[in-house]
Structure formats: structure tokens, C-alpha cells
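Secondary and tertiary structure notes
This is what each chain is made of:
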Amino acid sequence: MKAARTKTPRRPRKATNPTLKDPVGVYCRVRPLCRSDQECCIEVINETTVQIHPPEGYRVFRNGEYRETQYSFKEVFGTLVVQKELFEVVAKPLVEDLIRGKNGLLFTYGVTGSGKTHTMTGSPGDGGLLPRCLDMIFNSIGPFQAKRFVFKLDEKNGVDVQSEVDALLERQRRDALPVPKTPAGKRHIDPEFADMINVQDHCKVEEVDEDNVYSVFVSYIEIYNNYIYDLLEEAPFEPIKPKPPQSKMLREDQNHNMYVTGCTEVEVKSTEEAFEVFWRGQKRRRIANTQLNRESSRSHSVFIIKLAQAPLDADGDNVLQEKEQITLSQLSLVDLAGSERTNRTKAEGNRLREAGNINQSLMTLRTCIEVLRENQLYGTNKMVPYRDSKLTHLFKNYFDGEGKVRMIVCVNPTAEDYEESLQVMRFAEMTQEVEVARPVDRPLCGLTPGRRLRNQAFREELARRLELRGGPVGGDTEEQSAAEMLLQSFPPLPSCELLDIHDDQTLPRLIEALEQRHRMRQVLAEEFAKNVLAFKTMLQEFDSSVLSKEHYIQGKLSEKEKTIAGQKTELERLEKKIKTLEYKIEILEKTATIYEEDKRNLQQELESQTQKLQRQASDKRRLEARLQGMVTETSLKWEKECERRVAAKQLEMQNKLWVKDEKLKQLKAIVTEPRAEKPERPSRERDRDRPVQRSVSPPPVPNAPPVRLRHRRSRSAGERWVDHKPPSNVPTETVMQPHVPHAITVAAASEKALAKCDKYMLTHQELASDGEIETKLIKGDVFKTRGGGQAVQFTDIETLKQESPTGRKRRSSPSQPDPLEDAADSEWTDVETRCSVAVEMRAGSTLGPGYQHHAQPKRRKP
């Protein structure tokens, strides 16, 4: 008969209700201290809270900081809690969901040596969660298990169902193999783990669908160095060169469920057989001795329990051959390897590599939980990095809403594990905030319930009736005995051969034997008639009893139908109420969604307005700073301008006063001294064409002693001077020459020279009114300006001039001078007016020294 194939463990997306979510159940179990003198850093406050505080040494190392932190869990189990209590709270609901067709995931998490393997497996005399889960499963489905090989798992995470005949042929074929299987009823329990599965609680699920048949399949894998290995795989024995175990690959089935391809899945029929399979794989698991744990798990182990169930047909005899009605659920029990620090475990070589891979996979698990929490809290849609680790990739369906997830956090309260325990507590607190969608219940098959009980009652009644009437086995025995007695009572037929004509004995003997046989036949016929009559009477009684039973059953059925009709009415009312409430919930959710969207929009608008205000405030601050700088710059500029104008005005007034004084002196000289004829004023054009005539000094007296040249010293010879001599100056032959010690002689005024000195002297030559060269030494003070340059303010003029001995007579000419021409000569020879300028070297100027005239220039008369 062709096998029917069911769906894979993961239910389709439509089977989950996104509106109903359950948080991940996180429980905490505190391991007792190994020695009473050890320092404890974890304290159980109440049933849901623990408090962790830094140990004494840690406080000293952290500069005396002391901070106690409390963490809350769904429930906290102290050091005195037994395995039974832990199982009742954590694992029992998962087993109930497994039998109802739902998936579950239970894993233990903690640092190395915190009691994870003890919690999952247990110890002799005190079984852990795994053997108790197996015992509860088989206690619940024991009478309803299908025969072996009725359900058959395929290699693509599916299940096939076979008829009873095909299953019988499969069992016969397996029994014919060279290695016979020990029957489950005669299985010898290994004493090494016999105490672990000897559970006396007999815990089972109360409401089990008795119209279904069940089969249990188990598999056991480990994730070592991010590779998956099958712990139940029987590798061929090769004594010369044994082959290392081959790693398995993760695959995705047609419903996007993850499974391990090629993994060994064993069908088990009892708790002993299932735990024996587990123990066989447990011996192959990789463990090692480290500084912190004598038997430290070096891999993550995953024990998977799959439960296949299908309903019986309408007669309650055989499995229903419809793949839509077959359900496959699974419970994964995960014992994670402990996170550890290599500086404490002193790991080297392979142990160091194993520790790195363990910590990396646990870090990936933590990252996935963080991203899930962020997506749920803030409404983001970040990709969860399940594929970064085989551990998270295998169980990603559970976090996507394909079953219930529970975690037991195992902690060691010793002071040495304080920092690791703190990290574990933070991860557990974050995991509690992740919510997983709740899967809906599987639909009903639509057949009449109670089929198995009715079939069983019919068989028992039929057996009782047959026993009352002398059942088929007893009747056959009696009939066989009567026939044998009849054949034995028949006399043997004598010989019918007549050898003598006078033989008168043969015929009488034959007649007597035949008469005897005839009488026996009549007795047999009468007995047969009596039996027939009795059987007819029995059939009539049976028919009447069956009829009365049918009437009774019909009455009961009518009552049940009325009850069912009332319950259906109540169900319809409740369904309508549920629909109304769901509609209201949907409206409220939409309203909440709208409000959330408005809230997000308002928050975004508020953030944008806040950012805009911040930008405006920053622009305002920048503008204020800019305006302040402009105001300061303008103020400095106007201060400089005012100072410049004041200085210019002062120089102008000083020059005017000096000009008036000169005019008064000239006027006084004109009034007091007679002048000769006024020499003709040399024109500028004529002076350019002919050379300047210089008066020749009279030759020295021959007998006179030689005259020593004396240098006229400046009145300010003790200071540093800038001696500015233009290249157009003509050297004079005067006896007295200006001499300034420590002076810097320059041909043009420079900023560098002015910066080094505090006095300035300009040598200027011009043609006097008598035709002689007149040399003027214009002196001034050098001072620094606000702009960083140097300015010169003229303060004094010294004049060197040669005169002819006859010049005085020419000036004492009786002719009266013309006042207008004299004024013109005075203006033309007003060297002081034209030299009253200030030289300013501006800082940063690339045009060289600049000259700025502060005095008003005089207009020449036409």
C-alpha cells in the first residue's frame, strides 16, 4: 500500500497568530557551593528575584566601588530545589504541548561548571529534565502507541505512514538482519543509568486524544567547533585506519524549516529504550578536563524528541491513511557548552580553539536576541544574523513563532565567577523581553470521538458472548470429542466375504453392526436437533439483548446529541463573542497603530523642530559672534582713524605754527637787515637744463696751521638711529659733517630698519635762494602703531648751509625787496612745509614703505 506523507514539524505561517505572543520564559537555578568556606556573591531574594553583589576582592580592585544589582526572572530555584520541582514548573508544559502537536525548545545557559548538564541529564538516583520528559511521554501515550514501523520518517524532514501489512513486512525484514533486536519487553537496562530513569512519580498528561496512535522518534547531535555531528551514527569499524566522524549539513525543507540532513532517527517504544539511545550518544560527546571543570562539555548537545500522531479510521481499527491528518511535533532539549575565559581555564591548543568557537556561538546567540528585541521594541526590521552560527541557524524557526521557548539560566554563586555571572544575568534579562508568536491548536479530524473505546467494547462483548455459549474454541473441542467418541463407539464392520455356503454367522454379525450404527445415527440426529434448537434460542436471546442494547444506546446517543447540540449552541455563541472581541481588538489595535504612527510622526516632527531650533540657535550664535567681531573690528578701525586724524590735525597745526614762525623770522630778517638786489628766482625748467652753481670756498691761508675737521654731533647721539640718505644726495665739502654713531644707513625707508630703532633722520638737499646747496636733517621719533607697523613723527630740523663772504653784501643792497616776490620765494623755499610728513610702515603690506602726508600741501600761486 502506498505510504502517505505528512507535513513537516513547522506549521505554516497561517497557523500562528501574530496578535498573541508569549515572552521567552527565563528561569534561574542557583547551584549550591562546593565548600562551606567559599565566598558567595549571589543571594536569592524571593521566588522571582536574585541579588548579585561584588565580592570583597573585586571591591578592593575597583577602588572600593560597591554596587548591588537585582535581576528578576519568571521563577528562581534556590540551592535546595529538587529536580522534580524544576521539571513540574519548566518542562512539563512543554511535554503537554508536544502531545497536543506543538513544538518546544528548552535549553540551559550559563558559565562552565554551573550545573547545566546536571540539570538536563541528572545524576544516579535523581534524574534530570530529559529522563523525566521521556517518562512522562510514554506514561501518557503508552496504551495508544502504534506498532513499530507504522510511521516512518523520510530524509527530508517529513513522515510517511504505512498500513499494518507493510509495517509487519518491515518488522520481519528487520528481524531477519544479522544483528537481531532485543524486544522492548525483555530489554536489559544498563545499570550505569538505571537509577536515572527509575522515576517513581508516574507523571502523565491528563487529556490525551485516545482516538490517535502515536510513535516516538529520537535523535542526538552535537555542535562542535561550529560543525554538526551525529552522535547516534554507527560508523564501520576499521582497526587499521579509523575514519573520523563526518559532519552533517543543515537543510531547509519545503516549508522553510531547518533540519539536519542524514541524521539518525530511532523509533523507541519505552523510556528505557529511549534513554539507552541517549546514553549511547552521550558516551560519544566531547568532554575535556579544564581548570574549572573536571568534565567540561566542549560542544553544544541537542536531543530531539519527535512525536508522530495520526487518528484512527471510522471503525477504530487502523490508522487513517490521510496525510493532512498526520501531525509531527518535536521537543528539542539543548545543553549549551559554558562560556569561559581562557585566562582562568588555562586552555591551550585544541582546548583554546574549542573555547573560542564556544564563545563565538554564544555571542552570535546573544546578538540574535538583541536584534529580535530591538525589532520588537522599536518597530525596526533589521535582519537577524541566524546564519552566523549553526546553533542559531538550527533553531531560528522557534524564534520566528513555531513553538514555545524556555531557558534555564544556571549560575555558580562563587566569587570567582562574579564577572561571568554578571554577563549571564544581563543576557537573561534581555532575553525575557523577546516575544514569540503563539501557535494555534491543531484542527479536529472531523471523525466521531470515542472510536477506539467503542471498538474495544465491541470486542470485549463479543468475547464474553462466545465464552457464555461455549465459544468457538471450547465448542470445537467438545464437538471433536463427541465425534471421536462416536467413531470409537461404532462397532467395526465384520468381514462380508462368504467362503462357505453353509456360513450362517457372517450375515447376522453384519446385520447387528448395521443396526447398531443406525441406532447411533438416530441418537446423533436427535442430539444435533437439540443443539440446533438451543442455538436458535441463544441467537434469539442474543438478538433481543442486542436490540435492547441498541435502544439503550440510541437513548444515550439522543441524550448526547442533545448535549452536543447545546454545547454547539454555546460554542457558536462563544465563537460569535470571540469574533466580536477579536473585531474590537482589531479596531483597538488599528487605533493603537494609528496613535503609534501619530506618536512617531509627532516625535519625528518634534525632533526635526528641535534640530531646526538648534540650527537656528547655532546660526544666531555664529551671527552674534560675527557681528561682535565686525563691531570690534569697526571700533578698532574708527579708533585708528580718529587717532590718525587727531595726529594729522596736530601735525597740521604744528606745521602752521612753524610756518608762521619762519615767516616771522624771515620778516624780521628782512626788516632788520638791508638786502642787496634780489637775485632772480631760478625757474625749475632752467634748473633742470643747467648744472647747479656752487660757491667755491676761499683757499686756505698758506701759513695757517691745518684745520682739523670736526664732525657735528647730533643732540640725540646716544640712541639708535635710522640714517635715511637718498641716492640723489650730492656730497658737500663742508668742514662740519653730520655723524650719528650706531646708525643704520638706508637709501629707502624700510620696515625692518624702523623696527630696530627708535629715532629717524632724513637727509634732504635743495638749492637755496643764493644758489648754494642747503642740507637739512629732518629728525623724528619712531613709534609702533595699532596695526602692527611703525610710524615716524618729525620733531626737529637741522640745517647745514654754505654762504659766500660776499653774499651778505648782496643782501644789504639798498633796493627795497618786493614783498610779493619775497613771499613767493618764502613759499618756494619752504622746505619745512614740504618735509613735514609722517612715514608709516604698514604691517603685512607688499607694496613696501608707504608715505602718508598729514600736513595740508600748499597751493602754488599762478
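Counting starts from 1 at the beginning of each chain's written sequence and moves along it residue by residue. With pLDDT at 70 or above as the cut-off, local features in this predicted model cover only qualifying residues; side-chain atom pairs require 80 or more to be listed or tallied, and sums for whole chains, interfaces and linings still use all residues. Derived side-chain values reflect all non-hydrogen atoms in the structure, with water molecules and hydrogen atoms excluded from consideration.

Attention now moves to the confidence of the model for the protein chain. As a per-residue measure, pLDDT reflects the predictor's confidence and takes values from 0 up to 100. Looking at the protein chain as a whole, its pLDDT mean stands at 78, while 75% of the residues score no less than 70. In what follows, residue pairs with any heavy atoms lying within 4.5 Å of each other are defined as contacts. The model gives residues 1-14 a pLDDT under 50, and that stretch makes 46 contacts with residues more than four places away or in other chains. Every residue in residues 692-717 scores below 50 in pLDDT, and together they form 38 contacts with partners more than four places removed in sequence or on other chains.

Contact geometry of helix H4 (residues 129-141) with helix H6 (residues 271-282) gives a least axis separation of 9 Å together with a crossing angle of 150°. Classed by the angle they form, the pair H4 and H6 counts as roughly antiparallel. Pair H4 / H6 crosses with right-handed handedness. Here Leu130, Pro131, Leu134, Asp135 and Phe138 of H4 come into contact with H6, specifically with Thr271, Ala274, Phe275 and Phe278. A breakdown of the residues in the contact of H4 with H6 according to their chemical character gives seven nonpolar, one polar and one charged. An axis is simply a line fitted to the C-alpha atoms; with a helix, the fit covers only the stretch in contact. Between two such axes, the angle follows the N-to-C directions and lies from 0 to 180 degrees. Secondary structure follows DSSP: runs of H or I at least 4 residues long count as helices, runs of E at least 2 residues long count as strands, and numbering of each begins at the N terminus. Relative orientations are named as follows: roughly parallel for angles under 35 degrees, roughly antiparallel for angles over 145 degrees, roughly perpendicular for angles from 65 to 115 degrees, and oblique for any other angle. The handedness criterion is simple: a crossing whose near helix is rotated anticlockwise from the far helix by less than a right angle is left-handed, and one whose near helix is rotated clockwise is right-handed. Under the grouping applied here, Gly and all other residues not named as nonpolar or charged are polar, the nonpolar ones being Ala, Val, Leu, Ile, Met, Phe, Trp, Tyr, Cys and Pro and the charged ones Asp, Glu, Lys and Arg.

For the pair helix H2 (residues 83-99) and H4, interaxial distance at closest approach is 9 Å and the crossing angle is 50°. The angle between the axes of H2 and H4 places the two elements in the oblique class. For the pair H2 and H4, the sense of crossing is right-handed. Touching Gln83, Lys84, Leu86, Phe87, Ala91, Lys92, Val95, Glu96, Leu98 and Ile99 of H2 are Leu129, Arg132, Cys133, Met136, Ile137, Ser140 and Ile141, all from H4. Looking at side-chain class alone, the contact of H2 with H4 contains eleven nonpolar, two polar and four charged residues.

This part covers the pattern of salt bridges. Here, a salt bridge means any Lys or Arg side-chain nitrogen found within 4 Å of an Asp or Glu carboxyl oxygen. Using the criterion set out here, one finds 31 salt bridges in the structure. One salt bridge connects Asp37 with Arg35, and the closest N-O pair in it is separated by 3.3 Å. Exposure categories follow from relative accessible area, calculated using a 1.4 Å probe and restricted to protein chains: below 20% of the type maximum is buried, above 50% is exposed, and the middle band is partly exposed. Judged by relative accessible area, which is 61%, Asp37 ranks as exposed. One salt bridge in this structure joins Lys92 and Glu88, with 3.5 Å as the shortest N-O distance. Of this pair, Lys92 and Glu88 both sit in helix H2, separated by four residues, roughly a single helical turn. For Glu88, a relative accessible area of 32% puts it in the partly exposed group. Taken together, the shared-partner salt bridges in this structure form one network comprising Glu170, Arg173 and Arg174.

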